[in-house]
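# Structure assessment
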Amino acid sequence: MRHILQLSGPANALVALCDDETIWSFVATTASWTQLPAIPGQIGTTEADDAVALHDRAAVEQQERALQARRDRFQGKK
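This text gives an overview of the structure that appears in the document. (Residues numbered from 1 in each chain as written. Predicted model: local features only at pLDDT ≥ 70, side-chain atom pairs only at ≥ 80, totals over all residues. Heavy atoms only, no water.)

## What about the packing of aromatic side chains?
- The tally for this structure, following the rule as stated, stands at one aromatic pair.
- Geometrically, the ring pair formed by Phe26 and Trp33 is tilted, given 5.1 Å between the ring centres and 45° between the ring planes.
- For Phe26, a relative accessible area of 18% gives the class buried.
- You can call Trp33 partly exposed: its relative accessible area is 40%. (Phe/Tyr/Trp six-rings, centres within 6.5 Å; stacked < 30°, edge-to-face > 60°. Buried < 20%, exposed > 50% of the residue type's maximum accessible area, 1.4 Å probe, protein only.)

## Considering the sheet that holds strand E3 (residues 23-27)
- Pairing is antiparallel in the open sheet, where four strands are placed in the order E1-E2-E3-E4. In this open sheet, the two strands that pair with only one neighbour each are strand E1 (4-8) and strand E4 (32-35). The sheet shows a mean angle of 25° between the axes of neighbouring strands, direction not considered.
- As paired elements, E3 and E4 share four bridges and run antiparallel to each other. Across the sheet, Ser25 pairs through a bridge with Thr34, a residue of E4. (Pairing = 2+ DSSP bridges. Helix = DSSP H or I, 4+ residues; strand = E, 2+ residues; numbered from the N terminus. Axes fitted to C-alpha atoms, helices over the stretch in contact; angles between N-to-C directions.)

## Let's talk about unusual backbone geometry
- Even without glycine at this site, Glu21 takes up a positive phi of about 70°.
- Mapped onto the fold, Glu21 is located in the loop between strand E2 (15-18) and E3.
- Positioned with a positive phi, Ala31 is a non-glycine residue whose angle comes to about 50°.

Next comes the structure, spelled out in structure tokens:
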């Protein structure tokens, strides 16, 4: 199950950052949520993998492990 980590914007045009690293937009006129595209260079995307220099790999891998640990903690709270 997806959980919201952060909400931003006015009530009629909310943007939500979720624990699965997706970003969603709420449009009040249609009362619907729409997933926004991934941000270029975001961890896990092809652009990010290609752009990371070898000396940065360890730092990226450490960040990815921390993100996975956070996901595991949220999933354990069900």
